[in-house]
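# Remarks on the overall topology
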Amino acid sequence: MKKLFEDIKKDIKFKSAGPGKKLTEDASSKPAAAPCSSSSKQSRYAPSEGAQRAGAAALARVEQKQRPKVHTSQDAIRNQVKRELEAEAVALAQKDNAVTAEGSKVKDPACLSVSGVYFTCPLTGATLTKSQREVHIKEAILMRFEEDDIEASVMMVHTFNKDREKVKAAVDIISKYVENICKNPSEEKYRKIKVSNKVFQEKIRPVEGCWEFLQALGFISVMLPVEGQ
C-alpha cells in the first residue's frame, strides 16, 4: 500500500511539470494541452480488489473489538445458577452448624433439672438411684406374689441371683421334677422331693426363688417319718 501511494505521488508531480520539450523547439511556443479522461483517472486512483478485502477485514475486526460481549448462552446461565445454589447451601450448612454448636453448650451444670444417673423400675415406673434400685425391685417382686406367685418366683430366680451358671443348673433340675410328674402323674415317688438330698441341698436351695417356685407349683413342706427310725 505504501509503495502504491508513493508511485501515485511521483506520477502527479511528473504530470504537473507539463509535457516534455525538445532542445531545438522554441521556448515561447505554448505546450499543447494533454487530453485527459475521467475514466483513466478513476482507474488509476481506485484501490485494488485485494486492498478492498484487507480494508473490510480490518474494519470488521475493529467493530468486533468495540462491540461488548453479552453472555446469553444456556451454559452460562446454568453455571451462574449452580454457583448461586452452592453458595446458598454452604451458607445454610454454616448456619445449622452454628445452631447445633450453640445448643450443645451447657453454660452451667447447676441449671440442669437432674444431676446424676437414675433408673426407671420396669414394674412400678419409679425413678431411682443406683443404690435404691436393688431394694425397690426386690420389694416390687415380693409384692407381685399377691397377684401371680409363679411369675413372681420366676422373677426372683432370674433377678436375685448373679451366678448365671447356678441359675441354669437349678432351673434344669426343677424342670426335670416337673417333667417326671407330667409323664407319670400316678407315681407317688415323683410327687415328693427329699430336701435333705445332696442334689437339692447343693443345686436348689442356694438359688434364691427356687423354693418359692416349688411352693407356687403346689409343693408343701411336710415332715415324713424315715423308715428304720
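Residues numbered from 1 in each chain as written. Predicted model: local features only at pLDDT ≥ 70, side-chain atom pairs only at ≥ 80, totals over all residues. Heavy atoms only, no water.

### Some details on the pattern of salt bridges
Put simply, the rule reads: By salt bridge we mean one thing: a side-chain nitrogen of Lys or Arg within 4 Å of a carboxyl oxygen of Asp or Glu. Partly exposed describes any residue whose relative accessible area lies between the buried limit of under 20% and the exposed limit of over 50%, with all areas from a 1.4 Å probe on protein chains only and scaled to the type maximum. Going along the chain from the N terminus, every DSSP run of H or I of four or more residues is numbered as a helix, and every run of E of two or more is numbered as a strand.
Considering all chains together, one arrives at 4 salt bridges under this definition. Across the pair Glu147 and Arg144 runs a salt bridge, and its minimum N-O distance is 2.5 Å. Given a relative accessible area of 63%, Glu147 falls into the exposed group. One salt bridge connects Glu179 with Lys183, and the closest N-O pair in it is separated by 2.8 Å. With Glu179 and Lys183 both in helix H7 (residues 164-183) and 4 residues apart, this pair spans about one turn of that helix.

### Remarks on a nonpolar patch on the surface
Heads up, the condition is: For patch detection, residues must exceed 30% relative accessible area and be free of salt bridges, and they are connected within 9 Å for like charges or within 5 Å for nonpolar side chains (Val, Leu, Ile, Met, Phe, Trp, Tyr). What sets the accessible areas is the Shrake-Rupley method with a 1.4 Å probe; for residues, cover comes only from the shown protein chains.
Nonpolar side chains collect at one region of the surface, where Ile150, Val154, Val178 and Leu217 lie side by side and expose about 260 Å² of accessible area between them. With respect to the element layout, Leu217 can be found in helix H9 (residues 210-217).

### Re the packing of aromatic side chains
Note the threshold: Planes of paired rings set the category: under 30 degrees apart is stacked, over 60 is edge-to-face and the rest tilted, where pairs are Phe, Tyr or Trp rings (Trp by its six-membered ring) whose centres lie within 6.5 Å.
On inspection of all chains with the given rule, the structure shows 1 aromatic pair. Ring centres of Phe200 and Trp211 lie 6.5 Å apart, and the angle between their planes is 85°; on these two criteria the pair is classed as edge-to-face. Of this pair, Phe200 sits in helix H8 (residues 198-204) while Trp211 is found in helix H9, placing the two residues 11 residues apart along the sequence. Judged by relative accessible area, which is 2%, Phe200 ranks as buried. Given a relative accessible area of 32%, Trp211 falls into the partly exposed group.

### Observations regarding the confidence of the model for the protein
Selection rule: Values of pLDDT, which run from 0 to 100, indicate the predictor's confidence residue by residue. Contact between two residues is taken to exist if any of their heavy atoms lie within 4.5 Å; hydrogens are not considered.
Residues at a pLDDT of 70 or more form 66% of the protein, whose mean pLDDT is 75. When the elements of the protein are averaged for pLDDT, helix H2 (residues 38-45) gives the smallest value, 49, and H7 the largest, 94. Across residues 27-43, where pLDDT falls below 50, the model places 4 contacts with residues more than four positions away in sequence or in other chains.

### A few points about the packing of helix H5 (residues 130-144) against helix H6 (residues 149-160)
Test applied: Interaxial angle, 0 to 180 degrees, is taken between N-to-C directions of lines fitted to C-alpha atoms, where a helix line uses only the stretch in contact. To sort the angles, those under 35 degrees are grouped as roughly parallel, those over 145 as roughly antiparallel, those from 65 to 115 as roughly perpendicular, and the leftovers as oblique. Each crossing gets its handedness from the near helix: less than a right angle anticlockwise from the far helix is left-handed, clockwise is right-handed. The residue classification treats Ala, Val, Leu, Ile, Met, Phe, Trp, Tyr, Cys and Pro as nonpolar and Asp, Glu, Lys and Arg as charged. All others, Gly included, are polar.
Close contact between H5 and H6 brings their axes to 8 Å; oriented N to C, the two are set at 155°. In terms of their interaxial angle, H5 and H6 are classed as roughly antiparallel. The handedness of the crossing between H5 and H6 is left-handed. In contact with Ile137, Lys138, Ile141, Leu142 and Arg144 of H5, H6 contributes Glu151, Ala152, Met155, Met156, Thr159 and Phe160. A per-class count over the contact of H5 with H6 returns 7 nonpolar, 1 polar and 3 charged.

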